[in-house]
Every structure is written in C-alpha cells, then in structure tokens.
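The primary structure of each chain is shown beneath.
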Amino acid sequence: MTTLDIPPSAAPPLASVTEVLAIAGRRLRRLRRNPGRLVGITLNPLITMVALGYLFSSAIQIPGSTNYIEFIFAGVVMQGALAAVGPTAIAVALDVQGGLVDRFRSLPISRSAVLIGHVIADLLISMIGLVVVVAFGLLFGWRPHNGVLPTLAGFGLVVVFTFTVLWVGVLLGMAMSNLETIESVGGLVAVVFSFLSTGFLSVDKLPGWIQPIAQWNPVSSVISACRDLWGNGAPTGTGFPAENPSLVILVSLGLLFLVTSVLSVRRYRNA
Amino acid sequence: MDLAIEVTGLRKTYDKTEALRGIDLSVRTGSVLGLLGPNGAGKTTAVRALATLLVPDGGQAKVAGFDVVAQPREVRRRIGLAGQNAAVDELLTGRENLVLLGRLLHLGGAGARRRAQELLERFDLVAAGDRPVGTYSGGMRRRLDLASCLVGHPQVLFLDEPTTGLDPASRQSLWNTVRGLVADGMTVLLTTQYLEEADYLADQIVVIAAGQVIADGTPDELKRKVGQEWLEVAVALPDRVAAAVAVLAPLAVDEPSTDPVKGLVKLQLRDGMDGIAAAAVALRDAGVDVADFALRRPTLDDVFFNLVGRQPQG
Ligand SMILES: Nc1ncnc2c1ncn2[C@@H]1O[C@H](COP(=O)(O)OP(=O)(O)OP(=O)(O)O)[C@@H](O)[C@H]1O
Ligand SMILES: [Mg+2]
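Just so it is clear, the structure is predicted and the values come from calculations on it, not from any experiment.

Thresholds applied
Residues numbered from 1 in each chain as written. Chains lettered and ligands numbered in written order. Predicted model: local features only at pLDDT ≥ 70, side-chain atom pairs only at ≥ 80, totals over all residues. Heavy atoms only, no water. Helix = DSSP H or I, 4+ residues; strand = E, 2+ residues; numbered from the N terminus. Buried < 20%, exposed > 50% of the residue type's maximum accessible area, 1.4 Å probe, protein only. Contact = heavy atoms within 4.5 Å. Lys, Arg positive; Asp, Glu negative; His and termini not counted. Charge placed at Lys NZ, Arg CZ, Asp CG, Glu CD. Donors = N, O, S within 2.8 Å, 3.2 Å for Na, K, Ca; no water. Near = heavy atom within 4 Å. Polar contact = N/O pair within 3.5 Å; in protein donor to acceptor, adjacent residues only side chain to side chain. Areas by Shrake-Rupley, 256 points an atom, 1.4 Å probe, with all protein chains shown as cover. Nonpolar A, V, L, I, M, F, W, Y, C, P; charged D, E, K, R; others polar. Buried area = accessible area lost by both parts, 1.4 Å probe. Salt bridge = Lys/Arg side-chain N within 4 Å of Asp/Glu carboxyl O.

Q: Explanation requested: the overall build of chain B in the structure shown.
A: The secondary structure content of chain B amounts to 11 helices and 14 strands. For chain B, the spread of C-alpha atoms along the three principal axes comes to 80 × 45 × 35 Å. Buried residues in chain B amount to 51% of all 314 residues. In chain B, once contacts between residues fewer than 6 apart in sequence are set aside, the share between residues at least 24 apart is 66%. The positive charge centre, built from 35 side chains, and the negative charge centre, built from 40, are 7 Å apart in chain B.

Here it is, written out as structure tokens:
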C-alpha cells in the first residue's frame, strides 16, 4: 500500500476558524460572480424608506417626533436585516440539494463550521447592504444625535440582530427543501416582522388588535433601542416590553440564537 | 488478508422502507468492489452509511480499520466520496473548488493551491481550471468531482454511479482514471447499474436487490453461475432457421432455441471443441449460409437478468 497511515487525532475545537473562513470566503466569491444577492437586501429597505419616508411623510404624523425619516430609519434598517433571511436560507438549501453538504460532511471537519461560515459570509453581505441603506438614510435626512459611541452602539445592536436572524435563515434552509416555499417564507418574515412592529407607526396609531403583537414583537424592542441610541426621538409607549427593552432584547435574541443554531447544527449532522 | 472495508449485517430503515436488510461486504485493500443493483436496491444507502453520512440501525461497518459509528472522524480522514450527483460549486471555478477543499482540510493557502494544480493536471482540467464550473460539460464536472475526493489523499474511495450520464468516451476516460488510482494502492467501492462497468473495473462484485445481497463473486464466477457457454449461429437467410435447427439439434444438450426474426439459433453443445467442428461441418453440408458463428459466454447482463428477474434499468 502506498498511502501512509495517519496517526489518530483529537477532535478539533467547536469550529476551526480556518474551516469557517474557507466556507465564508467561498460564499463571498459566489457573491462576486452573482451580485444580484446585494440588490435584494438593499432594495427592500430602500423601497420602504422612499415609499414611507419620502412619499407619505407629510401624511403621517408621529407625536413627539418632528422628522418622520428619523422615526422610521431604525425600522428600515431592521427590515434590511430581515430581508437577508430568505437569501441565506436559499444559499443553505442549495448546498444541501447540490450534494455539497454531503461532501462537507464526509470531510474530517467540524460539524458546525459550514453553517457558521454561511452566517459569517451573510453577515458581511448584510453589512455592505447596511452601508448603502445608511448612505441613503443620510441623503434623505436621517441623522444620529447622540455622539459617536451611542451611534456605534446602535449599529452594534443591528449587527447582533442581523447575526441572530441569519440563524433563522440557516434553519429554514436546513429544514425546508422547496426553494419556492423558502423564498415566500423568507419574504413573509421580512414583511411581517418589520411591519407588525412599532417601526413605522407609534403603537397608538396601529389597529387595536395589532397593538399587543407590535408591542411584544422583539423587533419593536430592537428598533426602540436603536432610536434611543441614535437620538431619533421615540415615543416609548407603555407595557412590559416598552419598559424593559434590554431584557426583552437579551432574552428574545438569546433564545432565538440558541434554538435556531442548535436545531440547525443537529439537522446538519443528520442531514 | 488486509481488509479496507468490512461490513457485517448492515441495516437501515427509513420510516417504513427497509433500505438495507443485513448486508455483508468485505473489500481487500487495493481492490475494487462493484456494488450492483437495480433502482432502489439500497446502493446509495450503503455508500452513505460507509461514508459516515448516515448512522445505520444495525450491524457493523469498518472502513480503513475504523468503525463508522464509533470513530467517524478517523474514517472521514481516510475516505473520499463522490455522490450520485457531482457535488461541486457551479459559480466557482474548478480551481477554486479544489482550493476550497484544500483549505477545509488544513493544507494551508499555498498547500491548497499546490494540491489544486496537481489535481487539475492529473484530471486534464488545467485549461478549464479558471472557468466557472457552470460552463463545464458533464464529463468535466465528473472529473472535477473525482478530483475533489482526492484532495485529502484518501485511502478508500466511494463512487456512487460515477459514470451515469456520461458518453462512452468520457466513461472510458473515467474508467482509466479509476484503474490508475487502484494501481497506486487505492481501495474503491463503486456502485453502478452498468454491468459492463462492473465487469471492467471490479475485482469483486456484490449484487444487491431490495436491501439484500443476492449474489457475490468475481465477474467470472458470477457469469459461470448463470450458465455454460453456448453456440450462437446467425443464418444469412431467416427462412433457413428450420434447416439449421434440424442439423444442429443432434449436437445439442437439449432443443436449440431460435429467434426467427433475427435468424438466430442458440444451443448448448454436447462436447466442446469437437462439437464446434461438427456444427460447422453440419451447417456446410446442409448448405446453410452462415452470417455469424460464435461461442458466447454469458455477460453480466445475463447474470443480472437471471438474478433480479428483470432487465436492468439505466
Ligand atoms: N431519505 C430517504 N427517506 C426515505 N426513504 C429513502 C430515503 N433514501 C432512500 N430511501 C428508500 O430506500 C430504498 C433504497 O434507496 P437507495 O437510494 O439506497 O437505492 P439505490 O440502490 O441507490 O437506487 P438508485 O439506483 O435509484 O440510486 C429505496 O426504496 C428508497 O426509496
Ligand atoms: Mg443511488
């Protein structure tokens, strides 16, 4: 036999950085060949910003906020983050269907590296989208008012939020096989979670039955926190979620991340 | 005897389908096992279990000396898998696909690029190496898929229907590649529906159907199991079949079978070489013009048909 025998090795740590970077790098190369992906996640929030902030701004009055663009900007940004759920799910599902996941699973690499690689790549892609959205926001009159650190903290929260919802996309991609279903579910997530929130209207302006949904929607809490950090004058509202935004954010995002990542990796192992 | 793959009583049930009902296999290091079977026989399931992609419900399987359930990581370090569909990234170039695998296998940037270049050269893909795989032909894609399995220098290769959908030239070239790998010491388990492929490549053949082994042996052993050699005579004019049967019948073990449309007469001769000579003489004396006169041995198609009870698909 000409092949040398390899000494047994210990299992590697959770996910080797090299492996994660290799997978993420691959996704970014794909993006370069097929940049359509960026259009989706930037167009979605931009359309909302233009439609609401530019066309309807005179028709919508928000008490306690003079500038409607500033009021909706945090919601627009979260919509951009949510818009990445569908594309991430499709990227993962394509890997499963194309047999690439089988190939990766036959390699001696960490069981979570591939999925983490997807999330890291999509996070970077979303950040590119975020830069575009911020640029347009500034153009339309959005301004942060609280200085550098709180502004950056707000964007930090956006990154954490995006990271968490991307895992929802990964789970969708691992759990569903029909690409069209994934696409519609992804689109629904982006629209429902952003519009059934306090992102575009204050709670009291929403129809009665939506008010509790919007209040308890964690996306609302993240949006309020960002508005607060950017000094975009938010009406705070009442009720438990409005009074304990940090707690709601911590618990909901933490739980969401835990559940989606654990389920995704388990599905990957047994795919 | 040094075994690269040892399987006993392997079972796997999906929901209600019993895909594997206790399969035994053993493959010597450096040899080729052909796993043959009709659609749904359980070939892919067996390969997936051996490649650690699914956990079997019962039985034992060792690959390269390690148990696939207890030490999957050690198995993965020693195997290459080419699934039923080429698992390559269409948007990446061939080279990028190979470099990606090299990086995943911790060869480092330079090491991964060097290995990619070696494999592109070996698989005749240098010219196409920097084109997106989406532009490759089916044959090139298969070659890249096979190259992808080799990045980590595996000892055991699993090929699930490696030539399905390839034209004869591409198939032949892939066969040569596999033979080359085996000459270098590789152990190969390949599944196929092409009997010709198993005949050409495999040292041992295992035929499975409905999750069970129904025959195994070398290609020659299997052919022998199905039956003896027979004489096949094609008469030049189909209306002479009856005349041919009349003179040949006395030389045959039992009544010759005929295909009047093709003008074929088939018979098992009573006594070997003498029988052949006697048959030729008898035909000439009777004035039957012969278009083809040959001793035939059963092909693996006959084996398959005989065992599975219907024509193989594929
Ligand atoms: N994931 C699955 N879930 C449920 N049933 C499955 C699954 N995979 C395979 N089967 C069933 O198990 C049996 C064996 O399938 P398998 O894919 O191993 O056959 P095969 O010999 O590879 O067939 P083919 O020649 O068509 O590739 C079939 O009846 C198939 O329908
Ligand atoms: Mg199969």
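Q: In this structure, what is going on with the coordination of the magnesium ion (ligand 2)? I would like to understand it.
A: When four donors bind a metal tetrahedrally, each ideal donor-metal-donor angle is 109.5 degrees, and when six bind octahedrally, the ideal angles are 90 or 180 degrees. Here the magnesium ion (ligand 2) is held by T44(B) (OG1) and Q84(B) (OE1), and the distances to it run 1.8 to 2.4 Å. You can see T44(B) sitting in helix α1 (residues 43-50) and its partner Q84(B) sitting in the loop between β6 (79-82) and α3 (94-104), a full 40 residues away along the chain.

Q: Mind showing me how you'd approach the site of ligand 1 here?
A: Residue and element names in this part refer to chain B. Close to ligand 1 lie 14 residues; G40, K43, T44, T45 and Q193 are nearest. One nitrogen or oxygen atom from the main chain of G42 is found 2.9 Å from an oxygen atom belonging to ligand 1. Residue T45 places a side-chain N or O atom 2.5 Å away from an oxygen atom belonging to ligand 1. When isolated, ligand 1 has an accessible area of 630 Å², and the protein chains bury 64% of it. Of all the secondary-structure elements, those providing two or more residues to the shell around ligand 1 are β2 (17-28) and α1. When residues of the shell around ligand 1 are assigned to their parent elements, the largest contribution, three residues, is made by α1. When grouped by side-chain class, the residues that make up the shell around ligand 1 number four nonpolar, eight polar and two charged.

Q: Help me understand the interface of chain A and chain B, please; the structure alone is not making it clear to me.
A: A common way to express how large an interface is: the accessible area buried when the components associate. The interface is formed by 35 residues belonging to chain A together with 35 residues belonging to chain B. Summing both sides of the interface, chain A and chain B together bury roughly 3200 Å²; the carbon and sulfur share of this comes to 55%. Counting across the chain A and chain B interface gives six salt bridges. One salt bridge in this structure joins R29(A) and E96(B), with 2.9 Å as the shortest N-O distance. Linking chain A to chain B there are 13 residue pairs in polar contact (both at pLDDT 80 or more). Those elements that place two or more of their residues in the side of chain A that touches chain B are α1 (17-33) and α5 (100-105) of chain A. If you tally residues by element for the side of chain A that touches chain B, the top one is α1(A), at eight residues. Residues that form the side of chain A that touches chain B fall into these classes: 16 nonpolar, nine polar and 10 charged.

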